[in-house]
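# Coordinate analysis (summary)
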Amino acid sequence: MIQRMLFTFRSLAPGRLLPFLEWLPGYRPSHLKSDLFAGLTVALVLVPQSMAYAQLAGLPAYYGLYAAFLPPAVAALFGSSCQLATGPVAVVSLMTAVALQPLATTGSQAYIGYAVVLALMVGLFQFGIGLFRLGLVVNFLSHPVVNGFTNAAAIIIATGQLSKLFGVTVDSSDYHYHTVLQVVKAALHFTHWPTLMMGVFAFAVMLVLKKISLRIPNVLVAVAAATLISWATGFEQRSTMPLESVVDADARALIVHFNAESTQLAQMGERRARINDTLKQAKIDGHRMIAINSRRDLDILNYQMELRAMQAADHRHRIRRLLFEAGRNRNNGIQFFAKGGLPPDAEKIGGTFRLIVGNAPLDSSALVFCSGGEVVGAIPTGLPHFSLPEIDGHGAVALMPPAVIIALLGFMEAISIAKAMAAKTGQRIDPNQELMGQGLANMVGSMAQSYPVAGSFSRSAVNLQAGAVSGLSSVIAGLAVVATLFFLTPLLYHLPQSVLAAIIMMAVAGLINARGFIHAWRAQWYDGANSIITFLCPLAFAPHLDRGILVGVGLSICVFLYRNMRPHVVDLSLGLDKALHDAVTHGLKECRYIDVVRFDGPLFFANASYLEDQIRQRRKIKKALKHIIIAAESINDMDASGQESLSLTVDRVRSAGIDISLSSVHEPVMQVLRRTHLLYKIGEDHIYPTLKQAIRAIHKQTHTGGSEKNCPLTSVRTLATNSQPKGV
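Residues numbered from 1 in each chain as written. Predicted model: local features only at pLDDT ≥ 70, side-chain atom pairs only at ≥ 80, totals over all residues. Heavy atoms only, no water.

## Comments concerning the overall build of the chain
Formally: Strands are runs of DSSP state E lasting at least two residues, helices are runs of H or I lasting at least four, and both sets are numbered from the N terminus onward. Every radius of gyration here is taken over C-alpha atoms, with the globule rule written as 2.2 Å times N^0.38, N being the number of residues. For each residue, the accessible area found with a 1.4 Å probe, counting protein chains only, is set against the maximum for its type, and the residue is called buried under 20%, exposed over 50%, and partly exposed in between. We call two residues in contact whenever any of their non-hydrogen atoms come within 4.5 Å of each other.
Across its full length, the chain holds 27 helices and 15 strands. In terms of C-alpha radius of gyration, the chain reaches 34 Å, well past the compact-globule figure of 27 Å for 728 residues. C-alpha extents for the chain along the principal axes are approximately 125 × 75 × 60 Å. Going through the 728 residues of the chain one by one, you find that 50% of them count as buried. Across the chain, contacts joining residues at least 24 apart in sequence account for 78% of those joining residues at least 6 apart.

Here it is, written out as structure tokens:
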């Protein structure tokens, strides 16, 4: 291990530490023009997409812009691909939300802090495995697993945007499919049609422009048009009124009860924090009775909080189903009546209003009534505050498993895109260098309030089609995002949330790949089955996506172990092409006196006994057997267990009066035979360079005096009755 580390550090040439130095010397003015155009083109897609993906991650939309200006530039300068566009992507954004939801309330400051820490941890892991050239660890995520998970994630992401598309709000359930059912029920009760029409309009614009020309920034056009319509029509219609403005007594009582439940729940949360501190201190001080009492109080309080949370959730659900009509009374005051209950003498104002309610208690002096749609709202102008993320031990431990999964998934997405583009450009891609680039992008991005990022297929395709020559195009795209943060954020205030939902749904539609299942099944049925299972598990477990992908990885490892525990062991005979083939598969007869056995795989602890069993079975079946040749061309490695098994096999075969030889032994295996002195037990004269030489040397002595006139190892003998032997 130490030698590997020393080799790694010695190999850190300037080209690895600063890979952009390799393309800078040959950079020409004409390249700058191409990169400038490509960078600006990518930025037109990057700005709206990054805002949409940030909300998918449970963050305010402008945090997508924070993740879109530094990470793309760093990844391009320190990675190995010149066209790979890094930044917020759908699957990583979804995985970020899944990782953070158990730790903090979505959108809170604690939630944002954990997102930044997660980016740092993902970056450290990626950079570490890239630095020590351990990129092969990503092979644990096989292609069928990634295909199944990506298809499932695309469906989960798309269905997760339905609430924004229909303009309804529901609480998240323990399982995603239940949340979707709640959204459908809420949409049947009340769909905000202007919100839905905005989303449909964005879909139509993007689809039409995409068919007209891929060079048209369809996403930006849809965003600009929808934002302009939203501003001109007053799409966001909100009124802030006191509780006294609600005329319906039942509605007022419901709000009061919800506030009481929510307030008590918050107070119980503070009490739970104090009990946890007491319990932690008691464990440190060794006060057992205090710890026992604290644990009892904590269990009781958790049960009470669970009941209180259920009651608050029920009240919140009922409040969200309330529909109001606003009317102006004789005193020119505005009052809110239950829908259908507006008095004849009251002047109606606006359309149907809903009460905006979240997890926190409602402010009785300033209830927010909305009759319009949700918009992005105010975006802070300028760059974020640069600082190192604050890491706490508990959060770091909880984030470690999802950080590893996100790091591997993000890298697989990035390297797959980079290799696909390299096939067109002829560029050489270094996976370990790309890992270091992605890791640095996440680490540096975390200092600028970024959440985890990865390579984007859609933006990379745009970058390539726009003529990007080098990583400078991504730097230019990042600078365009900086310009947006400084000068254009006020223009994004009226951007409808349903348009961002449409952007996400359009983007993830490209992730759905049904052919991947068919391709995997055609290759090997168990790969196809694994891909389908990895597709179904995330759908069933969502939002606990880590369980689904772990099932897929576990199945891949089990298949790998099973295949290596029971590798192909075949008997060889001469085929029509004068080469030795599997006798069973090709319908060939086998020699009575010589058994040529080919063991297809390394000989190690997991399958050592399997070789013994196969040899023993052949000895029982072939009563006239005189010699066994183990064709070792497929045995590329051998450990101590394999050596011991081979030694026992040699002893048992020879004690039964049958000789045994090896052919085509690889040098690593030969070294094991020499070091363990097994070579001398077998006999150097029983080790043959090729299988043909082994047969030639053994054939005469085994067939002398025998009844087999046409040996299947020297002439073609098929099992068909009408076949005639053909000599070599």
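## Concerning the pattern of salt bridges
Quick note on the threshold: In what follows, salt bridge is the name for a side-chain nitrogen of Lys or Arg lying within 4 Å of a carboxyl oxygen of Asp or Glu.
Enumeration according to the criterion identifies 20 salt bridges in this entry. Across the salt bridge formed by Arg618 and Asp595, the nearest N and O atoms sit 3.8 Å from each other. With a gap of 23 residues between them, Arg618 in helix α23 (residues 608-621) and Asp595 in strand β10 (residues 594-600) connect regions that are remote in the sequence. Judged by its relative accessible area of 9%, Arg618 is buried. Close ionic contact of Arg674 with Glu667 constitutes a salt bridge, the shortest N to O distance being 3.3 Å. Residue Glu667 is classed as partly exposed on the basis of its relative accessible area of 43%. Each member of the salt-bridge network shares a partner with another, and the members are Asp571, Glu590, Asp595, Arg618 and Lys622.

## As for helix α8 (residues 143-160)
The condition that has to hold: Each residue after the first adds 1.5 Å to the expected span of a helix.
Over its 18 residues, α8 extends 25 Å from the first C-alpha to the last, a length consistent with the 26 Å expected when each residue adds 1.5 Å. Within α8, 14 of the 18 residues are buried, leaving the element largely enclosed by the surrounding structure.

## Digging into a nonpolar patch on the surface
Heads up, the condition is: Each patch is assembled from residues with relative accessible area greater than 30% and no salt bridge, linking like charges that lie within 9 Å and nonpolar side chains (Val, Leu, Ile, Met, Phe, Trp, Tyr) that lie within 5 Å. Here, Shrake-Rupley sampling with a 1.4 Å probe gives the accessible areas, and only protein chains in the shown set may cover a residue.
On the surface, a nonpolar cluster with roughly 620 Å² of combined accessible area is contributed by Leu383, Phe386, Phe486, Phe487, Leu488 and Leu491. As for its position among the elements, Phe386 is in the loop between β6 (367-370) and α15 (393-425). Taking the relative accessible area as the measure of exposure, Phe386 reaches 44% and is therefore partly exposed.

## A short note on the packing of α8 against helix α21 (residues 525-541)
As a reminder, the rule being used: Convention adopted: a line fitted to C-alpha atoms gives each axis, helices being fitted over their contacting stretch, and angles between N-to-C directions are expressed from 0 to 180 degrees. An angle counts as roughly parallel when it lies under 35 degrees, as roughly antiparallel when it exceeds 145, as roughly perpendicular when it falls between 65 and 115, and as oblique in every other case. Take the far helix as the reference: if the near one is turned anticlockwise from it by less than a right angle, the crossing is left-handed, and if turned clockwise, right-handed.
Between α8 and α21, whose axes approach to 7 Å, the crossing angle comes to 30°. With respect to α21, the axis of α8 lies roughly parallel. Both α8 and α21 take part in a crossing whose hand is right-handed. On the side of α8, the interface is formed by Pro144, Val145, Asn147, Gly148, Phe149, Asn151, Ala152, Ile155 and Ile156, while α21 contributes Asp527, Asn530, Ser531, Thr534, Phe535, Pro538 and Leu539.

## Quick notes on unusual backbone geometry
Of note, Lys578 is a non-glycine position whose phi angle comes to about 65°, a positive value. Note on placement: Lys578 falls in the loop between β8 (568-574) and β9 (580-582). Judged by relative accessible area, Lys578 falls into the partly exposed class, the value being 37%. With a phi angle near 65°, His677 is a residue other than glycine that sits in the positive phi range. Position of His677 relative to the elements: it lies in the loop between α25 (667-675) and α26 (678-682).

## Observations concerning the sheet that holds β9
Using the following cut-off: A pair of strands counts as paired when DSSP detects no fewer than two bridges linking them.
Here six strands make up an open sheet; going across it, the order is β9-β8-β10-β11-β12-β13 and the pairing mixed. Two strands bound the open sheet, and with one partner strand each, they are β9 and β13 (687-688). Contacts from helix α24 (residues 640-655) reach β11 (627-631) and β12 (659-663) within the one sheet, and its direction differs from that of β12 by about 140°.

## Let's talk about the sheet that holds strand β2 (residues 238-241)
Reading across from one edge, β2-β6-β5-β3-β4 is the order of the five strands in this open sheet, with antiparallel pairing throughout. In this open sheet, the two edge strands, each paired with only one partner strand, are β2 and β4 (334-338). On average, adjacent strands in this sheet sit at an angle of 40° to one another, irrespective of strand direction. For β2 and β6, the ladder comprises four bridges, and the chain directions are antiparallel. Residue pairing for β6: Thr240 is matched across the bridge by Val368.

## Focus on the pairing of β11
The test is simple: Here, the term right-handed applies to a crossover whose path from the first strand over the helix to the second runs clockwise when the strands point away from the viewer.
Among the five residues that make up β11, five are buried, leaving the element largely enclosed by the rest of the structure. Here β11 shows no split at all, with His627, Ile629 and Ala631 on one side and Ile628 and Ile630 on the other all buried. Alignment of β10 against β11, held across five bridges, turns out to be parallel. Across the sheet, the residue bridging to Val596 is Ile629, located in β11. For the crossover from β10 across α23 to β11, the handedness is right-handed. On the question of chirality, the crossover connecting β11 to the parallel β12 by way of α24 is right-handed.

## Looking at the packing of aromatic side chains
Selection criterion: In this analysis, rings of Phe, Tyr and Trp, with Trp reduced to its six-membered ring, are considered paired at centre separations within 6.5 Å, and the interplanar angle assigns stacked below 30 degrees, edge-to-face beyond 60, and tilted for intermediate values.
In this structure the tally under the stated criterion is twelve aromatic pairs. Here Tyr62 and Tyr66 contribute two aromatic rings whose centre-to-centre distance is 5.7 Å and whose plane-to-plane angle is 70°, an arrangement assigned as edge-to-face. Remark: Tyr66 and Tyr62 occur in helix α4 (residues 62-66); sequence separation between them is four residues, near one turn of the helix. Taken as a pair, Tyr62 and Tyr66 share a single burial class, namely buried. Ring geometry for Tyr63 and Tyr66: centres 5.1 Å apart, planes at 75°, overall edge-to-face. Of this pair, Tyr63 and Tyr66 are both found in helix α4, three residues apart, which corresponds to roughly one turn of the helix. With respect to burial, Tyr63 and Tyr66 carry one shared label: buried.

## Observations regarding the confidence of the model for the chain
Residues shown with low pLDDT carry predicted positions that ought not to be read at fine detail. The line we're drawing: For every residue, the predictor states its confidence as a pLDDT score lying anywhere from 0 to 100.
Of all residues in the chain, 95% attain a pLDDT of 70 or more, and the chain-wide mean is 85. In this model residues 1-12 is a low-confidence stretch, pLDDT under 50, and it forms eleven contacts with partners more than four residues away in sequence or in other chains. Below pLDDT 50 for its whole length, residues 721-728 participates in 14 contacts with residues either more than four positions away or in separate chains.

## Focus on helix α14 (residues 288-320)
For α14, which comprises 33 residues, the first-to-last C-alpha distance of 47 Å matches the rise-based estimate of 48 Å (1.5 Å per residue) to within 8%. Taken residue by residue, α14 has Ala291, Ser294, Leu298, Leu301, Met305, Ala312, His315, Arg316, Ile319 and Arg320 as its buried positions. Along its buried surface, α14 packs onto α13 (249-285) and β5 (347-355).

## Some remarks on the side chain of Arg354
Threshold: Pairing of N or O atoms within 3.5 Å defines a polar contact, subject to two protein rules: one partner must be a possible hydrogen donor and the other a possible acceptor, and residues neighboring in sequence count only if both atoms are side-chain atoms.
Turning to its location among the elements, Arg354 is positioned in strand β5. A polar contact of 3.0 Å, which involves the side chain of Arg354, links it to the backbone oxygen of Gly372. In this structure, Arg354 is in contact with Gly167, Phe190, His192, Leu322, Leu323, Val368, Phe369, Cys370 and Gly372, ignoring residues within four places of it in sequence.

## Some thoughts on the environment of Met241
Along the chain, Met241 falls in strand β2. Separated by 100 residues in the primary sequence, Met241 and Leu141 place their C-alpha atoms 54 Å from one another. The contact partners of Met241, leaving out residues within four places of it in the chain, are Ile334, Phe336, Ser365, Ala366, Leu367 and Phe369.

## A short note on the side chain of Thr484
Here Thr484 lies in helix α18 (residues 472-488). By relative accessible area, which is 7% here, Thr484 ends up buried. Not counting residues within four places of it along the chain, the set of residues in contact with Thr484 comprises Val47, Thr489 and Leu492.

## Examining the environment of Leu18
Mapped onto the elements, Leu18 comes out in the loop between α2 (14-17) and α3 (29-56). Its relative accessible area of 34% is what places Leu18 among the partly exposed residues. Separated by 60 residues in the primary sequence, Leu18 and Phe78 have C-alpha atoms spaced 6.1 Å apart.

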